[in-house]
Number of protein chains: 2
Amino acid sequence: MSTRSVPDRIAAGTSPDGGRERILAAAARLFREHGYAAVSLRAIAGEAGMQGGSLYHHFRGKEDIVGAVLDLGIQRVHAAVEAALAELPTDAGIRESMHAAVAAHLEALLSHSDYTSANVRIFGQVPPAVQEGNKAVRRAYEKLWADLLDRAADHGTLRPDLDLRLVRRALIGALNATLEWFDRENMDPRHLAAAYADLFLNGIVEESA
Amino acid sequence: MSTRSVPDRIAAGTSPDGGRERILAAAARLFREHGYAAVSLRAIAGEAGMQGGSLYHHFRGKEDIVGAVLDLGIQRVHAAVEAALAELPTDAGIRESMHAAVAAHLEALLSHSDYTSANVRIFGQVPPAVQEGNKAVRRAYEKLWADLLDRAADHGTLRPDLDLRLVRRALIGALNATLEWFDRENMDPRHLAAAYADLFLNGIVEESA
DNA sequence: GTCTATATGATGATAGAC
DNA sequence: GTCTATCATCATATAGAC
């Protein structure tokens, strides 16, 4: 039995998962900035405070590392949005639900931006086997949004001529694109969320007619 | 004076710019699929039907090639949208202008998808000097959209509380994200353009109130 | 304008000491 | 669990023949 607390073990680098987590954080940051192929295992190890060969104690290889980074990039956003929707009253309308989901997505997206941006940027560049592994995680998150929009449509609060698949893709595309320009120094993510939810709910023109 | 027509010279690979264009097309396709660092000059040369050393007759090196690919990815869309807007009557409203601009952006984006997708995917992964070179091209295209939205706001046809910078970024983000899933076999780009223009103009909820 | 050959260095992965 | 040493392979860029 360990004689050190969990934080102490993490600080000492002897936590069972401390090494693994340090490696993933380093990999996410480097993959985001330089792409998949440009990042050497030596560079990841260096950022994580170890030598190249030590990575193979925690992961089977480069594909194993990037697979974990890609999955975390989706799963953290998925968990945040799921939790935000669970906190809403059961009779919440589309405006309230959309705002909560958009705000949770953006807050998680921009808080874990090394993982989420790495996912958006390099998914299309990793080996096919790694892509396949991440697709299941992606589909699970897409279903959350599809269900949210379907429920609103069933309640008659959405315009009936919409293609909800296109709405979902446009919305997620616009949200994820914020990774390329958003700067916490200049804007509050909650302001961004309010503006984006309003934009998709109401559009830009003054009158509907 | 050449005894062959321009198409013949291009087909024979003896056009003054045929080699350069073949190299750029090959590079765009490979950069899009595998990322910047993953693509070797030998691979680009092979796709273009030559050997590695021959590239240096047309370009100074890898950064020169990727810079040209990134610039073309923006410039071709910019030119298409500019031409579409120029064809509109001078008294065209925001609905007509938005639809024309969205349709032209999507058509050019998806027609030159190797160049445009390479730009979206690898811009953040190329050396800083290459990024700087492409930023001027990006800013020029952003100004076109900023002017379009500003004119509509001046005419009072937009909701007055909008942050037009955010509207522009959300719209371009949603449009460019189509590169990751759009398939010409399953959808007409004009249908996509109509749905996206309508979505941003009118939003998704049934009533504005 | 394209070729071959080459200089110089970095890569992913592995083996085995401690 | 981390280290060092090493293998085989691949990279960009250059030089010079044709």
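Preceding this section is the structure that the text describes.
Described in the following lines is the structure provided in the data block. (Residues numbered from 1 in each chain as written. Chains lettered and ligands numbered in written order. Predicted model: local features only at pLDDT ≥ 70, side-chain atom pairs only at ≥ 80, totals over all residues. Heavy atoms only, no water.)

**Description of the protein's contact with DNA strand C**
- Around DNA strand C, the surrounding shell holds 15 residues, and the nearest of these are Leu41(A), Gln51(B), Ser54(B), His57(B) and His58(B).
- In this structure, a phosphate oxygen belonging to DNA strand C sits 3.3 Å away from a main-chain N or O atom of Val39(A).
- His58(B) is positioned such that a nitrogen or oxygen atom in its side chain is 2.6 Å from a phosphate oxygen of DNA strand C. (Near = heavy atom within 4 Å. Polar contact = N/O pair within 3.5 Å; in protein donor to acceptor, adjacent residues only side chain to side chain.)

**A few points about the relation of the copies chain B and chain A**
- Superposing chain B onto chain A takes a rotation of 180° plus a shift of 0.0 Å along the axis, which leaves an RMSD of 0.0 Å. Taken together, the rotation angle and the small translation identify this as a two-fold axis. (Least-squares fit on C-alpha atoms with pLDDT ≥ 70 in both.)

**Looking at the interface of chain B and chain A**
- Each partner contributes to the interface: chain B provides 47 residues, whereas chain A provides 48 residues.
- Taken over both partners, the interface formed by chain B and chain A buries close to 3800 Å², and the fraction arising from carbon and sulfur atoms is 59%.
- Area buried by chain B at its contact with chain A is led by Gln125(B), Arg159(B) and Ile204(B), which between them contribute 19% of it.
- Scanning the region where chain B abuts chain A turns up 2 salt bridges. (Contact = heavy atoms within 4.5 Å. Buried area = accessible area lost by both parts, 1.4 Å probe. Salt bridge = Lys/Arg side-chain N within 4 Å of Asp/Glu carboxyl O.)

**Focus: the protein's contact with DNA strand D**
- The local shell around DNA strand D holds 16 residues, among which Gln51(A), Ser54(A), His57(A), His58(A) and Arg42(B) are the closest.
- Looking at DNA strand D alone, sugar and phosphate atoms form 57% of those within 4 Å of the protein.
- Between Gln51(A) and DNA strand D, the recorded distance is 2.4 Å, taken from a backbone N or O atom to a phosphate oxygen.
- In the model, a phosphate oxygen of DNA strand D is placed 3.1 Å from a nitrogen or oxygen of the Ser40(B) side chain.

**Topic: the environment of Ala177(A)**
Residue and element names in this part refer to chain A.
- Looking at the element boundaries, Ala177 is found in helix H8 (residues 164-177).
- We classify Ala177 as partly exposed; its relative accessible area is 23%.
- Placed 70 residues apart in sequence, Ala177 and Glu107 show a C-alpha to C-alpha distance of 14 Å. (Helix = DSSP H or I, 4+ residues; strand = E, 2+ residues; numbered from the N terminus. Buried < 20%, exposed > 50% of the residue type's maximum accessible area, 1.4 Å probe, protein only.)

**Side note on the layout of surface pockets**
Residues and elements named next belong to chain B.
- Volume-wise, the second largest pocket comes out at about 380 Å³.
- What lines the second largest pocket is a set of 17 residues, among which Thr90, Ala92, Ser97, Leu148 and Arg151 lie closest to the centre.
- Secondary structure elements with two or more residues in the lining of the second largest pocket: helix H5 (62-86), helix H6 (94-111) and helix H8 (128-154).
- Of all the elements, H8 adds the most residues to the lining of the second largest pocket, at 5 residues.
- When grouped by side-chain class, the residues that make up the lining of the second largest pocket number 8 nonpolar, 5 polar and 4 charged. (1 Å grid on protein atoms, 1.4 Å probe; cavity = no way out; pocket = protein on both sides within 12 Å on 5 of 7 lines; lining within 4 Å. Points joined across faces, edges and corners; volume = space filled by probe spheres on them. Nonpolar A, V, L, I, M, F, W, Y, C, P; charged D, E, K, R; others polar.)

**Thoughts on the packing of H8(B) against helix H9 (residues 164-177) of chain B**
Residues and elements named next belong to chain B.
- Running from N to C, H8 and H9 point in directions that differ by 125°, and their axes come no closer than 10 Å. Between H8 and H9, the interaxial angle falls into the category oblique. Note on packing geometry: the crossing formed by H8 with H9 is right-handed. Along the contact surface, H8 presents Glu142, Trp145, Ala146, Leu149, Asp150 and Ala153, while H9 presents Leu164, Val167, Arg168, Leu171 and Ile172.
- Residues of the contact of H8 with H9, tallied by class, amount to 8 nonpolar, no polar and 3 charged. (Axes fitted to C-alpha atoms, helices over the stretch in contact; angles between N-to-C directions. Parallel < 35°, antiparallel > 145°, perpendicular 65-115°, else oblique. Left-handed = near helix turned anticlockwise from the far one by under 90°.)

**Looking at the pattern of salt bridges**
- Evaluated as defined, the whole model comprises 26 salt bridges over all chains.
- Among the salt bridges present, the one from Arg168(A) reaches Glu142(A), with a minimum N-O distance of 4.0 Å. Of this pair, Arg168(A) sits in helix H8 while Glu142(A) sits in helix H7 (residues 128-154); the two residues are 26 residues apart in sequence, bridging distant segments of the chain.
- Given a relative accessible area of 12%, Arg168(A) falls into the buried group.
- The partner of Arg165(B) in a salt bridge is Asp163(B), and the shortest N-O contact between them spans 4.0 Å.
- Residue class for Arg165(B) comes out partly exposed when judged on its relative accessible area of 42%.
- A network of salt bridges, in which partner residues are shared, links Arg29(A), Glu33(A) and Glu47(A).

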